[in-house]
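Examining the three-dimensional arrangement
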Amino acid sequence: MSKTILITGGARSGKSGIAETIALSLAPRAVYIATAEVRDQEMASRVALHQERRGEEWSTLAEPLDLAGALAATDGQGPRLVDCLTLWLTNLMLGGHDWRAAGRALAEALPAQTDPVIFVTNEVGSGIVPDNALAREFRDAAGLLNQWIAAASDEVILAVSGLPLKVK
Amino acid sequence: MSKTILITGGARSGKSGIAETIALSLAPRAVYIATAEVRDQEMASRVALHQERRGEEWSTLAEPLDLAGALAATDGQGPRLVDCLTLWLTNLMLGGHDWRAAGRALAEALPAQTDPVIFVTNEVGSGIVPDNALAREFRDAAGLLNQWIAAASDEVILAVSGLPLKVK
Amino acid sequence: MSKTILITGGARSGKSGIAETIALSLAPRAVYIATAEVRDQEMASRVALHQERRGEEWSTLAEPLDLAGALAATDGQGPRLVDCLTLWLTNLMLGGHDWRAAGRALAEALPAQTDPVIFVTNEVGSGIVPDNALAREFRDAAGLLNQWIAAASDEVILAVSGLPLKVK
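Before going into details, it helps to say that this report is about the structure given with it. Remember, predicted model here, so these are calculated numbers, not experimental data. (Residues numbered from 1 in each chain as written. Chains lettered and ligands numbered in written order. Predicted model: local features only at pLDDT ≥ 70, side-chain atom pairs only at ≥ 80, totals over all residues. Heavy atoms only, no water.)

1. Topic: the relation of the copies chain A and chain B
- Mapping chain A onto chain B leaves a residual RMSD of 0.0 Å; the transformation is a rotation of 120° accompanied by 0.0 Å of translation along its axis. This pairing of chains is accounted for by a three-fold axis. Rotation axis and chain A: the residue whose C-alpha lies nearest the axis is Gly127(A), separated from it by 2.4 Å. (Least-squares fit on C-alpha atoms with pLDDT ≥ 70 in both.)

Set out below in structure tokens:
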């Protein structure tokens, strides 16, 4: 039976490192599903940094929008690490897609998976209320998406200073 | 003897849902004490969304300022859910009231309660330091208020992606 | 053998109070190493408030940059409370110093300590992504520094509403 794990935490809290360690503890090879759309130099550097840290145990699939499809296509290839849900949500919202429908469809696709799925996501709602309405809408959406995926997950981990804190 | 519970967490972390579940686990009917002052359409929508989710087990009392009075007036009617302390603090500060005195008076009113009190509050201090002094003053005040109520509470729960993480 | 403890948390989450209690539980007298550079009236008030709360059990050393040196100079005088790493990082970055080298050197200096070291640091990465690149760079640096010190620490505690939540 498949296992779903959600790793959440703030920026640079060590989420990706924890997720990678878990993925390779489940199987010798794993699939990295990158949701990042490289739109500027800062993001390109960040993606390169992440790829450098991962070794040859990983195959990489870039999928900014159709995560349910990417999971269906990679099932049977080992644990899938989706990094990250927050960028996926950004892509959906910027592209004018129905993020609620997509988020619910993703949660509903999880029980059908044979190989494990490990999601990385971000805590974006613990700062002061943002001035602009779009940022408030985004953090509300991110919080709801995290709740939906957490409810469908077997384990939920909060990353704090690089360390895993068990929530579920 | 009365029980006091504080539920804290970021935006859309599932705080209210957790609080409502706890309240109705303690008694068949509960009182919802809303601190929101509806000042614009965005807030009106948010309040309506919350009310829609709650069912007939709830009676509602709107009290933007005098929380100690609202608790005194509703003691004997079942568990009280106060949602939320951060909006209450906003009302106190915008109205030029002494939030420190009000916060301490609220904490001191808790041991006298017969029916349980469940507070919802927000984490607002885990982002980057805000540019403007008023926002910094608000997050400092919110943090202090949370500390005072947490110290007077029997249980404190951190909501993470809709899940409760026991702190006290 | 020395013990290293990291206390992290948002603004006004009770980090310093928790750290002070731990320090004085380890020995009757302790050393407070302040990294704050007093640059304006707001910071001066905050420093004064912190000093007022501490009693005669404390000696104070102000060191905005050379933390490894301050630890070497105070070893043998009892537990050292470093408050806080985030201000230290600010000082390093504003001064054009190599914060990565300084951070790693600090982590490497910890095993050689005889007396305990208690670090206070801040969670700054759980809000919405900041608009400006410098703020993003700072929160990335703060997250990495927290990870390095957490990896070198025996205990890591997340402060929530004034209460300690054990992470490591």
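So that's the structure; there's more coming.
2. A closer look at the interface of chain A and chain C
- Each partner contributes to the interface: chain A provides 22 residues, whereas chain C provides 21 residues.
- Of the roughly 1600 Å² buried between chain A and chain C on both sides combined, carbon and sulfur atoms contribute 61%.
- On the chain A side of the interface with chain C, the three residues burying the most area are Arg12(A), Ser161(A) and Leu163(A), jointly 35% of the side's total.
- Linking chain A to chain C there are one salt bridge.
- Here Asp140(C) and Arg12(A) are joined by a salt bridge, their closest N and O atoms 3.8 Å apart.
- Looking at the side of chain A that touches chain C, the elements that each hand over two or more residues are α2 (41-53), α6 (133-151) and β7 (163-166) of chain A.
- For the side of chain A that touches chain C, the residue count by class is nine nonpolar, eight polar and five charged. (Contact = heavy atoms within 4.5 Å. Buried area = accessible area lost by both parts, 1.4 Å probe. Salt bridge = Lys/Arg side-chain N within 4 Å of Asp/Glu carboxyl O. Helix = DSSP H or I, 4+ residues; strand = E, 2+ residues; numbered from the N terminus. Nonpolar A, V, L, I, M, F, W, Y, C, P; charged D, E, K, R; others polar.)

3. Thoughts on the sheet that holds strand β1 (residues 4-9) of chain B
All names here are of chain B.
- The strand order across the open sheet built from seven strands is β3-β2-β4-β5-β1-β6-β7, with neighbouring strands paired in mixed fashion. Looking at the sheet topology across the chains shown, the edges are occupied by β3 (58-62) and β7 (163-166). This sheet shows a mean twist of 25° between the axes of neighbouring strands, independent of strand direction.
- Inspection of the sheet shows strand β4 (residues 80-83) paired to strand β5 (residues 117-120) by four bridges, in the parallel sense. Of the residues in β5, the one forming a bridge with Val 82 is Phe 119. (Pairing = 2+ DSSP bridges. Axes fitted to C-alpha atoms, helices over the stretch in contact; angles between N-to-C directions.)

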